Amino acid sequence: QAHSVLALADELGAAQGGGVHVHPLVLFNVCDSFIRRSESSTRVIGTLLGTVSGGGSRVEVTNSYAVPHEEQAGSVSLDVDFHRTMLQLHQKVHPNEGVVGWYSTGLGVKVGDVLLHDFYARETPGAGAGVAQASAADGSGAAPATAAAVPQQSSSLPIHLTVDTGLTNGRMDVSAYVSSKLDVGESAPVGTQFTEVECMVTMDEAERIGPQLLSDAQTNKLPGEAEGLASSVSKLQSVVSTAVRYVEQVVNGETPADAATGRRLAEAVRSVPTSATLDFESAFQDNVQDVLMIEYLAKLTQTHMALADRLNKFSLPI
């Protein structure tokens, strides 16, 4: 699944505009819950947590948790107490994150999703009037529509995220939907329409390390501090070499200058703290020594614990 996350990020990028921006942790939580589901469950349903900005045009989904549920004969029952308890515990640690929607595994929208969407519309702060108000009694259905921007008549919350954990098309498709009521004249709503909105996987450099590590089939252990430091330095050297090569090509007239790239390079250079070479080398070496000392103490502790365990096994009663 990690390879699919990386493929999505490479394809969609981390755009700074509107739409739904999903972080890797959310997808890993969904996949983990799907793997651990009960044998009687065909899919997993859960709550999406995050923030909203840009007047509701940008939804940042940063975390999630699965909610126990049961489905039978088109009806869905959700463990509401579990959902609200988990939400309270999460907001004690991350008070700025709230409910922004819900997710389900599988491809596309199901008819019974209207009832779940109606529940999360009541649980989501700031959900607008465009959220579905369908109930089981009126027999409203869910009709998926083609991808488009969030419509004016619809609320951007709650978001319904679908994750294709079955890899139907050879990849883990991630889609986001918002709902709008279907009216006929001035009569009561006759149904609900789910409209697909722009959805992308967003990850910064720190978040990308996890998917890259898990997508490597040859990885059998997590890198140590020293290995991680060496890898980071090597990658930094490669990036700096690429930037220097580009600047030299622009100066020599081999590559046309790009103002946006120049500004980004200037900002990157300005962000680096100015220090003497000897001071930087001294601080760097001190950090390396600290890392090596921590590794040594950790291995020494592991050895002592293993030795104590063996002594306890072979000790005879007095």
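Since the structure is predicted, the reported quantities are computational estimates derived from the model, not experimental observations.

A. View of the packing of aromatic side chains. For the coordinates displayed, the defined rule picks out three aromatic pairs. Note on F119 and Y120: the rings are 5.1 Å apart at their centroids and 80 degrees apart in plane angle, and the pair reads as edge-to-face. Residue classification places F119 among the buried residues on the basis of a relative accessible area of 10%. Note on Y120: relative accessible area 0%, which makes it buried. Ring centres of F280 and F284 lie 6.2 Å apart, and the angle between their planes is 20 degrees; this geometry places the pair in the stacked category. Note that F280 and F284 are positioned in helix α8 (residues 277-314) at a spacing of four residues, about one turn of the helix. According to the relative accessible area criterion, F280 is exposed, its value standing at 52%.

B. Here's a closer look at the confidence of the model for the protein chain. Put simply, the protein chain has an average pLDDT of 77, and 76% of its residues get 70 or more. Throughout residues 128-154 the model reports pLDDT below 50, and contacts reaching past four residues in sequence, or to other chains, amount to 64 contacts.

C. Examining helix α2 (residues 24-35) more closely. Its 12 residues give α2 an end-to-end C-alpha distance of 17 Å, which sits within 8% of 16 Å, the value for a rise of 1.5 Å per residue. Within α2, the full set of buried residues consists of P24, V26, L27, V30, C31, S33 and F34.

D. Highlighting the pattern of salt bridges. Throughout the structure, instances matching the rule amount to seven salt bridges. Of the charged contacts, one joins D32 and R36 as a salt bridge, the two residues approaching to 2.9 Å between their closest N and O atoms. Given a relative accessible area of 36%, D32 falls into the partly exposed group. The class for R36 is exposed, based on a relative accessible area of 66%. One salt bridge in this structure joins E123 and R84, with 2.6 Å as the shortest N-O distance. Of this pair, E123 sits in helix α4 (residues 113-123) while R84 sits in helix α3 (residues 80-93), and the two are 39 residues apart along the sequence. E123 sits in the buried class, given a relative accessible area of 17%. Of the residues examined, R84 reaches a relative accessible area of 39% and is grouped as partly exposed.

E. Geometry of the nonpolar core. In this structure, V20 and L161 are the most contacted members of the largest nonpolar core, which totals 25 residues. Mapped by element, the contributors of at least two residues to this core are β1 (19-22), α2, β3 (58-66), β6 (98-105), β8 (159-163), β9 (174-182) and β11 (199-201). Ranked by the residues each element gives to this core, the list is headed by α2, at five residues. Residues Y65, V67, V99 and F119 belong to the second largest nonpolar core, which totals 11 residues.

F. Seen up close, α4. Among the 11 residues that make up α4, nine are buried, leaving the element largely enclosed by the rest of the structure. Burial in α4 covers these residues: D113, V114, L116, H117, D118, F119, Y120, A121 and E123.

G. Spatial organisation of unusual backbone geometry. If you check the backbone angles, L167 has positive phi at about 50 degrees while not being a glycine. Positionally, L167 belongs in the loop between β8 and β9.

H. Structural context of the side chain of H23. Within the secondary structure, H23 sits in the loop between β1 and α2. With residues up to four places along the chain from it excluded, the contact list for H23 reads E60, V61, T62, T202 and E207.

I. Layout of a nonpolar patch on the surface. Together, M293, Y296, L297 and L300 make up a nonpolar patch on the protein surface, roughly 390 Å² of accessible area in all. Mapping Y296 onto the fold places it in helix α8.

J. How the structure looks around the pairing of β9. Counting buried residues in β9 gives seven out of nine residues, a clear majority hidden from the surface. Bridging between β8 and β9 involves four bridges; their strand directions are antiparallel. Across the sheet, T162 pairs through a bridge with S175, a residue of β9. Bridging between β9 and strand β10 (residues 191-197) involves seven bridges; their strand directions are antiparallel. Paired with A176 across the bridge in β10 is V197.

K. Spatial organisation of the packing of α3 against α4. The interhelical angle for the contact between α3 and α4, taken along N-to-C directions, is 35 degrees, at an axis separation of 13 Å. Crossing hand, α3 versus α4: right-handed. Across the interface between the two elements, V80, H83 and R84 of α3 pack against F119, Y120 and E123 of α4. When its residues are assigned to classes, the contact of α3 with α4 shows three nonpolar, one polar and two charged.

Definitions and cut-offs
Residues numbered from 1 in each chain as written. Predicted model: local features only at pLDDT ≥ 70, side-chain atom pairs only at ≥ 80, totals over all residues. Heavy atoms only, no water. Phe/Tyr/Trp six-rings, centres within 6.5 Å; stacked < 30°, edge-to-face > 60°. Buried < 20%, exposed > 50% of the residue type's maximum accessible area, 1.4 Å probe, protein only. Helix = DSSP H or I, 4+ residues; strand = E, 2+ residues; numbered from the N terminus. pLDDT = per-residue confidence, 0-100. Contact = heavy atoms within 4.5 Å. Expected span 1.5 Å × (residues − 1). Salt bridge = Lys/Arg side-chain N within 4 Å of Asp/Glu carboxyl O. Core = buried A, V, L, I, M, F, W, Y, C linked by side-chain atoms within 4.5 Å. Patch = residues over 30% accessible without salt bridge, like charges linked within 9 Å, V, L, I, M, F, W, Y side chains within 5 Å. Areas by Shrake-Rupley, 256 points an atom, 1.4 Å probe, with all protein chains shown as cover. Pairing = 2+ DSSP bridges. Axes fitted to C-alpha atoms, helices over the stretch in contact; angles between N-to-C directions. Left-handed = near helix turned anticlockwise from the far one by under 90°. Nonpolar A, V, L, I, M, F, W, Y, C, P; charged D, E, K, R; others polar.

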